[in-house]
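Chains, contacts and geometry: an overview
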Amino acid sequence: MMGAAILTNLPALLVVVPLLLAPFSAVLPIAGLAWVLALVGTGISFLAALMLQSVTENGVRISYHLGNWEPPWGIEFVVDSASSLTLVVMSGLGFLATLAARRLVAIEIADKDSGKFYAAWLLVVGGLFGLVMTADAFNLFVFLEISALASVILIGMGAGTDRRALVAGYHYLVIGAVGATFYVIGVGFIYAITGTLNMGDMASRLPDAAGGAALYVGFGFMVAGMLVKAAIFPVHIWLPAAYGYAPSAVSTMLAAIATKAALYVLARIFFTIFAGTPEIVDIALSNIIVPLAVGGIFVGTIMAIYEADIKKMFAHSSVAQIGYIALGLALATPAGISAGFIHIGNHALIKGGIFMAIGGFVAALGARASLETITGIGRRMPITATAFLICGLSLAGLPLTAGFISKLYLVRAILETDSYVILALVLISSALSVVYLWKVMEVMWMQPAPARSPKLVENPAIYLPLWMVALGNIWFGIDAGWIVGAARLAATALLGGGA
Amino acid sequence: MMSLHTAMLVGLLAPLVVAILTPFLAVRHVWRDAAGPIGGVITFIAAVHVALAVLDGETPRLFVAQIAEGLALEFAVTPLGAIFGLVASGLWILAALYSVGYMRGNHEKHQTRFAAFYAVAVHAAMAVAWSGNLLVLFVFYEILTFSTYPLVTHKESALARNAGRLYMSILVGTSVVLLLPAVVWVWLSTGTLDFRPGGYLAGQIDPAMAPILLALFAFGVGKAALMPIHRWLPAAMVAPTPVSALLHAVAVVKAGVFTILTVVVYVFGIDFLAETGAADWLVWLSAFTILASSMVAITKDDIKARLAYSTISQLSYIVLGAAIASSIAVQGATLHIVMHAAGKITLFFCAGAIYVQAHLTKISELDGQGREMPWVFAAFFIGALSIIGIPPLGGSWSKFMLMVGAVDSGYLVILGVLGLSSLLNVYYLLEPVSRGFFRPKVKTVEVTSHPLVVIPPVLTAILSLLLFFYVDFFAALAKLMVIS
Amino acid sequence: MIEQLAGSWNYIIVIILMMTGLFMVIARANLVKKMIGLSIFQTSVFIFYISLGKMAGGTAPILDGNPDTLYSNPLPHVLILTAIVVGVATTALGLALILRINEAFGSVEEDEIIAAKASQSLARPKRPTSEAAE
């Protein structure tokens, strides 16, 4: 039965399809074909993720054994409500980002490099999906590095328009490699204690294993490594330059999905692997992650206020938004974790749309988008700029946009834990974020275009994905039932213990 | 007869349809210009229909979507909402007619864009009036702000753009930074954002926190132009006069005080406020605003600037009524929404008529012009009298009830404030009239006649007069507000 | 006791290597030296894993029928094969980037690159030249 075979192998398909298509894409001489390949790859992944989501909706947990090796000997992929939600968000936005990439890449990347570009693109996406599903701690490292190395390549390809992309890519490579190595050290310690690499096995053996100091060290290294990947303050330093100088299409994809995977892995380290040793997790969450998340929220927001380059501004803003997600997860209550998941989805929508629109601006301007160059662009490129405006309003958290739902549930989750200081800080930061958004919108909409500025041609090729994302921001702001329900299930699945 | 459901749909959508059709109707200017008044009549009929149902004790509802638990996209008409809906839609008919005369008489550019956004603003005002909960109110409050931005900056001059920037930064800034957290606060502490007779915050929040929450609302609603966040209103006067007349004397600013009244009556509950004294500070702040802006108004020679400061002062009457939080004061404040709307739109219509016909903008230039434009000055006179509160004009009712409310609640000083303010009103609102009729002419100007800008102010002046005799309808609605 | 000591000194070496590598990554301004530091850092982890799996006196894990034979744990060793591959890829990619950086900026010293960035972004033409594009 072909159909049944496909259904049972869905988790593998999600990873294998993009990874297998990558080498073909690399050797394709025609840029358009390579793009179609990438589109097919991400599209299939999206469908697979949707199917997985519908299966896991009822609390079903799929365990897939790669090569039919029983865990803990073989590698296991686990898909539950938490990972399937993350997968749907990532693959959906990945697909839309691919859809938008065609024109943006054609402008920014030399034609002969396009094949390799889409190859790296597929590797990033496939690697990130694997990262989310794998239940093997070491296999996770491999997926981490597949996606990291490929994203370095993608970032470095921004050198065609700005040579600083090379340095940004290099720094991401080095910092990312250090982070990944930290993670591996941590896994080594936990392996030494438990003798297994399967997350579920680790979780069940850790409470009884007399880990002593090794447990703390292993936990600390694993978490520290993933903090780097998730770009949580203060190890977020690679992110602004990487997103800022990467080609527009890459910024879109990375901002929408890359850090989400790492955040999800962090959540699994806390709530799955170390579920049996809540004492260290609680200490780490309340004494380290929460302060770091709040710190990131403020640093990101304030840096964004002082940034004149639009791409970097919203990269800084991503640091702040990642802080909100991390804060929700770190509350470790069902409400907090679902708030985190809601924002994983909504932030992907917001930032995906914002970076797509910026890509449209950059393509039309033929220059970096800065507060100077986008002056009056609202009237020069109304269709792109309106979508940008909608996503911006969503970022500010206005009602009837997805961002509002995120803020609402996050604030409610914070309130449930009676942490009024954090609540006040979140509200203040949220008010501060209006400042940079206002700056951008004011320049775009309320200032006249500079005299003798050339006519800008809008880029219809990105209309479809851009407006799908923009309308998605409104849709999920009005009909939030789906994401709220799914996020609640995700929190239940995560807190339910066991991988 | 149409069902209530249909009436609500019509009332909400008719202005939007006008806005959407306007660019297509622009092939013939007559079609485009007829759309506004016709839409106004349709909307007004719907609003009357809804208001009558409310008077019968019904609560017309229109459910759109469920956002999340406790959060719905829903419209539901409170008595206060019915009144505001009537005011906004009824005056839109006249304002639409007037703006045709004004825009044509002035040969303004971009008349199509103007007409479209004008209708969008009315749509937002209707939606604010009929909003079923704080969330919907907030959303359309913002849409109202955004839709008026192109109207404020209509002239596209540097001055207009600067004014537009100030306008947006104050209105959007206060609403996002203060009003939205206040709304979220209410939701978090009660689990609902609905409007309920008698309010529901009592027992749900710490009485010590109530003044803070009220402050978030009072300052978050920038449209109520409470000092010190009033600066946007004088700035918005760069807009063409029809905008100042309908939006910055009626729809936009009334949306602000409407929000405050709604929050006080249907969310806090006046009993809760009166018991805890949480609104005490607001009484004094609004009293200060009443006097201070009257003083500023006296110093203004520009007609529209003077009217703007007068509006700030009159808005604070309504906030004052809400802050006193007694049954009679709240009813007075509600009636003042109606009375001031009719009076102030008359004054703005006149200011615009003087500008279109004689190109005069300063009060000092008006000497002797009354004989050139007798109808306009007569209408101005009546509108001014109504705002001052002299019988037999509508404004006397609301001022009287506010005074009674102040005395009832023991705010004797407020009585003095109101009296002093009326004196100041007499001075600065009647000065243009007395100059027009009793001073010798200082400036000879060519007066061209444009009937479309003269008839609306005359009609609204008559309306101010009629409101004195037919106040019962509105008074009955206002009474429904405070019976829980 | 002897095993323990023997077990300790390799961990001490691991720590020394790890710190050396990490220090180079953080403190060196030269991009190539950073890369070397990263390699040393990663190597220390490889040794750490290999030490974990090694039993003193243990032999290759091939069953010989004798129940007294001590076997080393093969799993960490296999893992490290993968990690080495990843490490090689990282180093290769890093060096390739350094080459390109050298082409684009004429330097592999971080402070000079930062200085170059500043001066360039001031006088940059609207449409960037594509010396770096290839």
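Throughout this document, residue positions are counted from 1 along each chain, in the order its sequence is written. To read the labels, note that chains go from A and ligands from 1, taken in the order they are written. Note on the predicted model: pLDDT of at least 70 is required for a residue's local features to be given, and 80 or more for side-chain atom pairs to be given and counted; whole-chain, interface and lining totals, by contrast, use all residues. Heavy atoms from the whole structure form the basis of all side-chain values; hydrogens and water molecules are not counted.

1. Quick word on the overall build of chain A
Put simply, the rule reads: Every helix listed is a DSSP run of H or I at least four residues long, and every strand listed is a run of E at least two residues long, numbered separately from the N terminus. As a reference, a globule follows 2.2 Å times the number of residues to the power 0.38, and the radius of gyration itself is taken over C-alpha atoms. For each residue, the accessible area found with a 1.4 Å probe, counting protein chains only, is set against the maximum for its type, and the residue is called buried under 20%, exposed over 50%, and partly exposed in between. In what follows, residue pairs with any heavy atoms lying within 4.5 Å of each other are defined as contacts.
For chain A, the helix and strand inventory stands at 20 helices and two strands. Relative to its length of 499 residues, chain A is compact, with a C-alpha radius of gyration of 21 Å against a globular reference of 23 Å. Overall, the C-alpha framework of chain A stretches about 75 × 55 × 40 Å when taken along its three principal axes. Within chain A, the fraction of its 499 residues that count as buried is 68%. Considering only contacts within chain A whose residues lie at least 6 apart along the sequence, 80% involve residues at least 24 apart.

2. Structural notes on unusual backbone geometry
For the bond from A:Phe233 to A:Pro234, the omega torsion is 5 degrees, close enough to zero to count as cis. Mapped onto the fold, A:Pro234 is located in the loop between α9 (213-230) and α10 (238-245). Cis rather than trans, the peptide bond between B:Pro391 and B:Pro392 has omega equal to 0 degrees. Residue placement: B:Pro392 occurs in the loop between α14 (374-388) and α15 (395-408). For B:Ala325, which is not glycine, the phi torsion reads 60 degrees and is therefore positive. Position of B:Ala325 among the secondary structure elements: in the loop between α12 (303-324) and α13 (327-358). Among the residues examined, B:Ala325 registers a relative accessible area of 5% and is labelled buried.

3. A few points about helix α17 (residues 402-416) of chain A
Residues and elements named next belong to chain A. The line we're drawing: The span expected for a helix works out to 1.5 Å for each residue beyond the first.
Compared with the 21 Å implied by 1.5 Å per residue over 15 residues, the 22 Å span of α17 between its first and last C-alpha is a close match. Taken together, the buried positions of α17 are occupied by Ala402, Gly403, Phe404, Ile405, Ser406, Lys407, Leu408, Tyr409, Leu410, Val411, Ala413 and Ile414. Two residues or fewer past α17, Asp418 is found with a positive phi of approximately 60 degrees.

4. Observations regarding the environment of C:Leu31
Assignment of secondary structure puts C:Leu31 in helix α2 (residues 31-53). Its relative accessible area of 1% is what places C:Leu31 among the buried residues. The spatial distance from the C-alpha of C:Leu31 to the C-alpha of C:Ser107 is 9.3 Å, given a sequence separation of 76 residues. Discounting residues that sit within four places of it in the chain, C:Leu31 has contacts with A:Tyr170, C:Ile98, C:Ile101, C:Val108, C:Glu110 and C:Ile113.

5. With respect to the packing of aromatic side chains
Residue and element names in this part refer to chain A. Cut-off, in case you're wondering: Stacked, tilted and edge-to-face are the three classes assigned to paired rings of Phe, Tyr and Trp, where Trp is represented by its six-membered ring and a pair needs centres within 6.5 Å; plane angles under 30 degrees give stacked, over 60 edge-to-face, the rest tilted.
For the structure shown, the criterion picks out 41 aromatic pairs over all chains. Look at Tyr172 and Trp238: their rings are 4.3 Å apart centre to centre, the planes differ by 20 degrees, and that puts the pair in the stacked class. Of the two residues, Tyr172 is situated in helix α7 (residues 164-194) and Trp238 in helix α10; the sequence distance between them amounts to 66 residues. The pair Tyr172 / Trp238 is uniform in exposure class, with both members buried.

6. What to know about the packing of α12(B) against α15(B)
All names here are of chain B. Short version of the rule: Lines fitted to the C-alpha atoms define the axes, with helices restricted to the stretch that makes contact. Angles between their N-to-C directions range from 0 to 180 degrees. Note that the term roughly parallel is reserved for angles under 35 degrees, roughly antiparallel for angles over 145, roughly perpendicular for angles of 65 to 115, and oblique for everything else. By definition, turning the near helix anticlockwise from the far helix through less than a right angle yields a left-handed crossing, and turning it clockwise yields a right-handed one. When residues are grouped by polarity, Ala, Val, Leu, Ile, Met, Phe, Trp, Tyr, Cys and Pro land in nonpolar, Asp, Glu, Lys and Arg in charged, and all others, Gly among them, in polar.
Contact pair α12 / α15: the axes reach a minimum separation of 10 Å and the direction vectors enclose 40 degrees. One finds that α12 runs oblique with respect to α15. You can see that α12 and α15 cross each other, and the crossing is left-handed. Of the residues in α15, those touching α12 at Gln314, Tyr317, Gly321 and Ile324 are Lys399, Leu402, Gly405 and Ala406. Tallied by class, the residues present in the contact of α12 with α15 amount to four nonpolar, three polar and one charged.

7. A short note on the environment of B:Trp92
All names here are of chain B. Within the element layout of this structure, Trp92 appears in helix α3 (residues 79-106). For the pair Trp92 and Phe469, spaced 377 residues apart in sequence, the C-alpha separation works out to 22 Å. Among all residues touching Trp92, those that are not within four sequence positions of it are Pro15, Val18, Gly36, Gly39, Gly40, Thr43, Tyr118, Ala119, Val122 and Leu246.

8. Considerations on the interface of chain A and chain C
Worth spelling out the cut-off: Note: buried area is the sum, over both parts, of the accessible area (probe 1.4 Å) each one loses when the two are combined. The definition of a polar contact used here is a pair of N or O atoms within 3.5 Å, where within protein one atom must be able to donate a hydrogen and the other to accept one, and adjacent residues in sequence count solely through side-chain atom pairs.
Taken together, the contact pairs 39 residues of chain A with 46 residues of chain C. Summed over both sides, the interface between chain A and chain C buries roughly 3600 Å², with carbon and sulfur atoms accounting for 73% of that surface. Our enumeration of links across chain A and chain C arrives at six residue pairs in polar contact (both at pLDDT 80 or more). For the side of chain A that touches chain C, the secondary structure elements donating two or more residues are α6 (137-156) and α7 of chain A. The biggest single contributor to the side of chain A that touches chain C is α7(A), with 19 residues. Residues of the side of chain A that touches chain C, tallied by class, amount to 24 nonpolar, eight polar and seven charged.

9. Overview of the pattern of salt bridges
All names here are of chain A. Test applied: Any carboxyl oxygen of Asp or Glu that lies within 4 Å of a side-chain nitrogen of Lys or Arg is treated as forming a salt bridge with it.
Counted by the stated rule, this structure contains 15 salt bridges over all chains. Notably, a salt bridge pairs Arg368 with Asp162, separated by 3.6 Å at the nearest N-O pair. Linking Arg368 in the loop between α14 (334-365) and α15 (377-380) with Asp162 in the loop between α6 and α7, this pair joins segments that are 206 residues apart in sequence. Taken as a pair, Arg368 and Asp162 share a single burial class, namely buried.

10. Re the nonpolar core
Keep this limit in mind: Among buried residues, those of type Ala, Val, Leu, Ile, Met, Phe, Trp, Tyr and Cys that are joined through side-chain atoms within 4.5 Å constitute a nonpolar core.
Ranked by size, the top nonpolar core spans 431 residues in total, and within it A:Trp121, A:Phe274, A:Phe314 and A:Phe341 carry the most contacts. When residues in this core are grouped by element, the largest group, 20 residues, is from helix α9 (residues 241-268) of chain B. The residues contacting A:Trp121, other than those within four sequence positions of it, are A:Ala38, A:Thr42, A:Ala97, A:Thr98, A:Ala101, A:Leu154, A:Ala249, A:Val250 and A:Met253.

11. Some points on the interface of chain B and chain A
Contact residues are listed per partner, giving 25 residues for chain B and 27 residues for chain A. Approximately 2300 Å² of surface area, both sides summed, lies buried where chain B meets chain A, with 77% of it carried by carbon and sulfur atoms. Together, B:Ile67, B:Arg165 and B:Leu188 form the three largest contributors to the area buried by chain B at its contact with chain A, with a combined 24%. The tally of links between chain B and chain A comes to one salt bridge. B:Arg165 is the salt-bridge partner of A:Glu442, the closest N and O atoms lying 2.7 Å from each other. Counting every contact that joins chain B to chain A gives two residue pairs in polar contact (both at pLDDT 80 or more). Listing elements by their share of the side of chain B that touches chain A, those giving two or more residues are β1 (61-68), β2 (71-76), α5 (134-152) and α6 (158-190) of chain B. Among the elements that line the side of chain B that touches chain A, the one with the most residues is α6(B), at 11 residues. Of the residues belonging to the side of chain B that touches chain A, the class tally is 18 nonpolar, two polar and five charged.

It is worth stressing that arrangement in space is one thing and function is another; only the former is reported here.
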